[in-house]
Amino acid sequence: MASRRQVIADDLREQISTGRIKAGERLPSEAKLATRYTAPTLRSALAILQGEGLVEKIHGRGNFVRYPLRRITYIGGGRTSDMATPPPAPLRINVRATQLHARGHLASLLRVPASSPLTEFLCLCHDGNSPHSLAHIYVPRDLAPVDGYDESLWHEGVDSRLAQLRPPLAEVQEQVTARFPTPSEAATLRISSALPVLAITRLAADTTGRVVEAALLVLPGDRADALFTNRTTREERGTEG
């Protein structure tokens, strides 16, 4: 037998799927919905719909039916890339640059002494008006652009912009983890804390072994896949027989 919260979630989901509550529309306030449903159970039901990506809660405004967000594919496998394969209409990206010094985890990640100067690029992608995916990119200060951080300069992608300044790459390491978002990530992306995300840590090093970029990407699981392709050389194929 379905739980009360599942019955409520099914009822609201049916109203959304039949168009009685349309994409972009605000759901009735929780106070109004509570006249029909039990308040504690209602909040659990809304959390189910938020976890499914059907509803997003915008702080101070209420719960809204989410426009369908496109799925993207992160292309990995030994080379740097932007966050995803280019969709038919590019995601809108907001870039914010911050000057900081390496501390703790960052110093270890980039293999630099503590207090080494870094530049962080916070990249938030939007699909329409909805946040879609998030990335923190860290580079040594001497490899960051010095001609300002006007977002109009980043139309070709953050990685393409930074690639103009760094030396040739010799190695790219990528680690993919499935986890739940941090409270900050959930608030920024407007997702439920119960929705798993793909957390990708990408390290790029030059021919001297210097780490020239560390990228921490957060891709919500309801809108992202990761694809990794390994190609064997002719010599490797010959030894397999």
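These numbers come from a predicted model, not from an experiment.

Engineer: Could you clarify how one ought to interpret the overall build of the chain in this entry?
Structural biologist: Scanning the chain from terminus to terminus reveals seven helices and ten strands. Considering the chain as a whole, with its 241 residues, one finds that 41% of them fall into the buried category. Put simply, 62% of the contacts in the chain that link residues at least 6 apart link residues at least 24 apart. Total accessible area computed for the chain in this model is approximately 13,200 Å², and 54% of it derives from carbon and sulfur atoms.

Engineer: How should I be thinking about helix H1 (residues 4–17) in this particular structure?
Structural biologist: Along an α-helix, residues three or four apart share an orientation, since each turn contains 3.6 residues. If you check H1, its first and last C-alpha atoms are 20 Å apart, about what 14 residues at 1.5 Å a residue would give, namely 20 Å. Listed as buried for H1 are Ile8, Ala9, Leu12, Gln15 and Ile16. One face of H1 carries all of its buried residues, which in axial projection span an arc of 125°. Phi turns positive one or two residues past the end of H1, at glycine 19, with a value near 85°.

Engineer: In this structure, what is going on with the pattern of salt bridges? I would like to understand it.
Structural biologist: Taken as a whole and assessed by the stated rule, the structure comprises twelve salt bridges. Residue arginine 66 pairs with glutamate 56 through a salt bridge whose shortest N-O separation is 3.8 Å. In this pair, arginine 66 sits in the loop between strand S2 (62–65) and strand S3 (72–76) while glutamate 56 sits in strand S1 (residues 55–58), placing the two residues ten residues apart along the sequence. The burial state of arginine 66 is the same as that of glutamate 56; both residues are buried.

Engineer: Help me understand the pairing of S1 in this model?
Structural biologist: Successive residues of a regular strand alternate their side chains across the two faces of the sheet. Across four bridges, S1 lies against S2 in antiparallel orientation. Bridged to isoleucine 58 within S2 is glycine 62. Between S1 and S2, which pair antiparallel in sequence order, lie three residues; one of them, glycine 60, sits at a positive phi of approximately 80°.

Engineer: Would you explain unusual backbone geometry in this entry?
Structural biologist: For residues that are not glycine, phi is negative in most cases, and the peptide bond is trans in most cases. Of note in the backbone geometry, arginine 111 takes a positive phi value of approximately 55° without being a glycine. Mapped onto the elements of the fold, arginine 111 is located in the loop between helix H4 (104–110) and strand S5 (117–127). At serine 115, a residue that is not glycine, the phi angle is positive and equals roughly 80°.

Engineer: Where do I start with the packing of aromatic side chains in this structure?
Structural biologist: The geometry of two aromatic rings is summed up by the distance between their centres and the angle between their planes. A full pass over the atoms with the stated rule returns one aromatic pair. Look at tyrosine 74 and phenylalanine 228: their rings are 6.3 Å apart centre to centre, the planes differ by 55°, and that puts the pair in the tilted class. Placement of the pair is tyrosine 74 in strand S3 and phenylalanine 228 in strand S10 (residues 224–228), with a sequence separation of 154 residues.

Engineer: What is the right way to read the nonpolar core from this model?
Structural biologist: Inside soluble globular proteins, nonpolar side chains tend to come together where they are buried. Core analysis: the largest hydrophobic core is formed by 18 residues, its most contacted members being Phe121, Cys123, Ile137, Val139, Leu217 and Leu219. Every element with two or more residues in this core is listed here: S3, S5, strand S6 (130–140), strand S8 (197–206) and strand S9 (211–220).

Engineer: Explain the sheet that holds S5 to me, please; I cannot follow it from the model alone.
Structural biologist: The strands making up a sheet are joined through hydrogen bonds of the backbone, oriented either antiparallel or parallel. In spatial order, the strands read S4-S5-S6-S9-S8-S7; together these six strands make up an open sheet with antiparallel pairing. Each of the sheet's edge strands pairs with one partner strand only, and the pair in question is strand S4 (92–101) and strand S7 (169–179). Ignoring which end each strand starts from, the neighbouring axes of this sheet average 15° apart. In terms of strand pairing, S7 meets S8 through ten bridges, oriented antiparallel. By the bridge assignment, glutamine 175 is partnered in S8 with threonine 201.

Engineer: Looking at this structure, I do not really get the state of the cysteines. What am I missing?
Structural biologist: Per the stated rule, a full pass over the model turns up zero disulfides. Summary of cysteine pairing: cysteine 125 is not part of a disulfide, and the nearest cysteine sulfur, belonging to cysteine 123, is at 7.2 Å.

Engineer: Can you walk me through the environment of glutamate 25 in this structure?
Structural biologist: By the secondary structure assignment, glutamate 25 is in the loop between H1 and helix H2 (30–33). Between the alpha carbons of glutamate 25 and arginine 66 there is a distance of 8.2 Å; along the sequence they are 41 residues apart. Not counting residues up to four positions away in its chain, the partners in contact with glutamate 25 are Arg20, Asn63, Phe64 and Val65.

The rules behind these values
- Residues numbered from 1 in each chain as written.
- Predicted model: local features only at pLDDT ≥ 70, side-chain atom pairs only at ≥ 80, totals over all residues.
- Heavy atoms only, no water.
- Helix = DSSP H or I, 4+ residues; strand = E, 2+ residues; numbered from the N terminus.
- Buried < 20%, exposed > 50% of the residue type's maximum accessible area, 1.4 Å probe, protein only.
- Contact = heavy atoms within 4.5 Å.
- Areas by Shrake-Rupley, 256 points an atom, 1.4 Å probe, with all protein chains shown as cover.
- Expected span 1.5 Å × (residues − 1).
- Arc of directions from axis to C-beta.
- Salt bridge = Lys/Arg side-chain N within 4 Å of Asp/Glu carboxyl O.
- Pairing = 2+ DSSP bridges.
- Phe/Tyr/Trp six-rings, centres within 6.5 Å; stacked < 30°, edge-to-face > 60°.
- Core = buried A, V, L, I, M, F, W, Y, C linked by side-chain atoms within 4.5 Å.
- Axes fitted to C-alpha atoms, helices over the stretch in contact; angles between N-to-C directions.
- Disulfide = S-S within 2.5 Å.

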